[in-house]
Amino acid sequence: MPLALLALAVGAFGIGTTEFVMMGLLPDVANDLNVSLPTAGHLVSAYALGVVIGAPLLAALTARMSRRTVLIGLMALFVVGNALSAFAPGDDSLLAARFLSGLPHGAFFGVGAVVATNMAAPERKARSVSLMFLGLTVANVAGVPVATLMGQHLGWRATFLGVSAIGLAAIAALALLIPHDHAQAPAVGLRRELSALRSVPVWLALGTTVAGFGALFAAYSYITPMLTDAAGYAHSSVTLLLALFGVGATVGNLVGGRLADHSLRGTLFGGLVSLGAVLALFPLFMASQWSAAVAVVLLGAAAFITGSPLQLMVMEKASAAPSLASSANQAAFNLANAGGAWIGGLALAAGFGVTSPALAGAVLALLGLGVAGVAYTVDVRRGASRPRPAVTAAVARQRVVASHVPQRTEAFQR
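Keep in mind the model is a prediction, meaning the values are calculated, not measured. (Residues numbered from 1 in each chain as written. Predicted model: local features only at pLDDT ≥ 70, side-chain atom pairs only at ≥ 80, totals over all residues. Heavy atoms only, no water.)

## Considerations on the overall build of the protein
Phase 1: Looking only at helices and strands, one finds 18 helices and zero strands in the protein.
Phase 2: Sorting the 414 residues of the protein into buried and exposed places 54% on the buried side.
Phase 3: Pairs at least 24 residues apart make up 83% of the contacts formed inside the protein by residues separated by at least 6 positions.
Phase 4: Looking at the protein as shown, the accessible area adds up to about 17,000 Å², and 68% of this sits on carbon and sulfur atoms. (Helix = DSSP H or I, 4+ residues; strand = E, 2+ residues; numbered from the N terminus. Buried < 20%, exposed > 50% of the residue type's maximum accessible area, 1.4 Å probe, protein only. Contact = heavy atoms within 4.5 Å. Areas by Shrake-Rupley, 256 points an atom, 1.4 Å probe, with all protein chains shown as cover.)

What follows is the structure, given as structure tokens:
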């Protein structure tokens, strides 16, 4: 795998840290700015709104630019947004800064996924995407807990200064490790980029993302009351348990990338079935503390097995505009975050019990499996039930000799 994937992972680590750290800092921010906790909660929504708006918009506007330049520019915008968050004088300015911080999120992952697959061998595309997402999952294991502790001891503003420093390190890594010849975007117009999203298979893939990850967030948004009220954990133990979720997500992400290179659709179906089964069994898992800890790890693993397959599937279905489609998938992920939390909250409000959000998530996983099945049926009818065979190493070497260009550059041009 190219060393340049490390640069993408560093950027993903910073983005993952700033996205999730706000949840742990809300009480500190609310007290410092003299606002209520619900008002401070709007800071989470502002970031998510920035992701949803910025992902397709920035990807479309930068479609004809060098992807290396785009990645560096997006990370620079990320640094500016977090620095403004650190020096925000009030809640309104902090709200605007958080929105600005969220704008480059989806586009970075979208363009980064295209660059990652173009630099890897054809038979390792999904694995390359999973290595980029490794930064996001590791952020939940190490970045978020450390940043939260920093905020609690040095003040929440120090946390955003620290995240800005991570962004600067990512810019340096991107500039040093991503070569120019692997990052140039094809000369396509904005109209062609947008027209690529009119495909039914693309929207079915995006719908699978919304339903599949909505299943995760229906349960994960209410994991704390499930662990404390049902499993009997103390509130002080929740942070460690959430780190276990990050461990499971990291393992699932890496396993999913490897499996998807052998069978993309099979990995997607298997991941959704596993996610639905884990969520359906959540009430039983919450009967004791040890099984609840196991359930948290399994939840992270089952959910993120589907991450790389979904990203790669969206890119393949919109091959004429992979950056825009890949960025739109990140917007779909954040819609899943908001929609899943809302559906889980409806189950709680209806009085079905503290573990009912997990059962609601199981239904969403089943829905995602159904959408994926419809997508498969559409592919069969279009004569595309099987992906194009990967280019073998021998054939690739023959092409390299014939064209006298580096193998990875030739793979990118294809």
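On we go from here.
## Thoughts on empty space enclosed by the protein
Phase 1: Tallying each qualifying case throughout the model produces three cavities of 30 Å³ or more.
Phase 2: The volume enclosed by the largest cavity comes to roughly 160 Å³.
Phase 3: Every residue lining the largest cavity is counted, 13 residues in all, and those nearest its centre are Phe133, Phe213, Gly307, Gln330 and Phe333.
Phase 4: Secondary-structure elements contributing two or more residues to the lining of the largest cavity are helix 5 (125-154), helix 8 (200-220), helix 14 (307-317) and helix 15 (322-349).
Phase 5: Here the lining of the largest cavity takes four residues from helix 14, the largest share from any one element.
Phase 6: Across the lining of the largest cavity, the residue classes tally to six nonpolar, seven polar and no charged.
Phase 7: Surrounding the second largest cavity, Phe20, Leu136, Asn140, Leu216, Phe217, Tyr220, Phe245, Phe304 and Phe333 form its lining.
Phase 8: Only helix 5 and helix 8 provide two or more residues apiece to the lining of the second largest cavity. (1 Å grid on protein atoms, 1.4 Å probe; cavity = no way out; pocket = protein on both sides within 12 Å on 5 of 7 lines; lining within 4 Å. Points joined across faces, edges and corners; volume = space filled by probe spheres on them. Nonpolar A, V, L, I, M, F, W, Y, C, P; charged D, E, K, R; others polar.)

## Topic: the packing of helix 8 against helix 16 (residues 356-381)
Phase 1: Viewed as axis vectors pointing N to C, helix 8 and helix 16 meet at an angle of 165 degrees, and their least axial separation amounts to 7 Å. When the interaxial angle is binned, helix 8 and helix 16 end up roughly antiparallel. When the axes of helix 8 and helix 16 are compared, the crossing they make is left-handed.
Phase 2: Taken together, the residues of the contact of helix 8 with helix 16 break down into 16 nonpolar, six polar and one charged. (Axes fitted to C-alpha atoms, helices over the stretch in contact; angles between N-to-C directions. Parallel < 35°, antiparallel > 145°, perpendicular 65-115°, else oblique. Left-handed = near helix turned anticlockwise from the far one by under 90°.)

## Focus: helix 15
In an α-helix, one full turn covers 3.6 residues, which means residues spaced three or four apart are oriented alike.
Phase 1: In this model, helix 15 (28 residues) spans 40 Å end to end at C-alpha, consistent with the 40 Å of a helix rising 1.5 Å per residue.
Phase 2: One or two positions beyond helix 15, positive phi appears at Gly351, with a value near 80 degrees. (Expected span 1.5 Å × (residues − 1).)

## A short note on helix 4 (residues 91-119)
Phase 1: With 29 residues, helix 4 ought to run about 42 Å at 1.5 Å a step, and its terminal C-alpha atoms sit 42 Å apart, in line with that.
Phase 2: Of all the 29 residues making up helix 4, 22 are buried; the element is thus mostly covered by neighbouring parts of the structure.

## Remarks on the pattern of salt bridges
Phase 1: Overall, the coordinates contain four salt bridges when judged by the stated rule.
Phase 2: Across the pair Arg127 and Asp261 runs a salt bridge whose closest N-O atoms are separated by 3.6 Å. Within this pair, whereas Arg127 is found in helix 5, its partner Asp261 is found in helix 10 (residues 238-262), the two being separated by 134 residues in sequence.
Phase 3: Salt bridges linked by common partners bring Arg265, Lys317 and Asp379 together as one network. (Salt bridge = Lys/Arg side-chain N within 4 Å of Asp/Glu carboxyl O.)

## Observations regarding the packing of aromatic side chains
For any two aromatic rings, the description comes down to two numbers: the centre-to-centre distance and the angle of the planes.
Phase 1: Evaluation of the coordinates by the stated rule reveals nine aromatic pairs.
Phase 2: Through a chain of ring-to-ring contacts, three or more aromatic side chains come together here, namely Phe213, Phe217, Tyr220, Phe245, Phe304 and Phe333. (Phe/Tyr/Trp six-rings, centres within 6.5 Å; stacked < 30°, edge-to-face > 60°.)

## Focus on the environment of Gly248
Phase 1: Within the secondary structure layout, Gly248 lies in helix 10.
Phase 2: Classification of Gly248 as buried rests on a relative accessible area of 1%.
Phase 3: For the pair Gly248 and Ala303, spaced 55 residues apart in the sequence, the C-alpha separation amounts to 9.1 Å.
Phase 4: Those residues in contact with Gly248 that sit more than four places away from it in its chain are Val297, Gly300 and Ala301.

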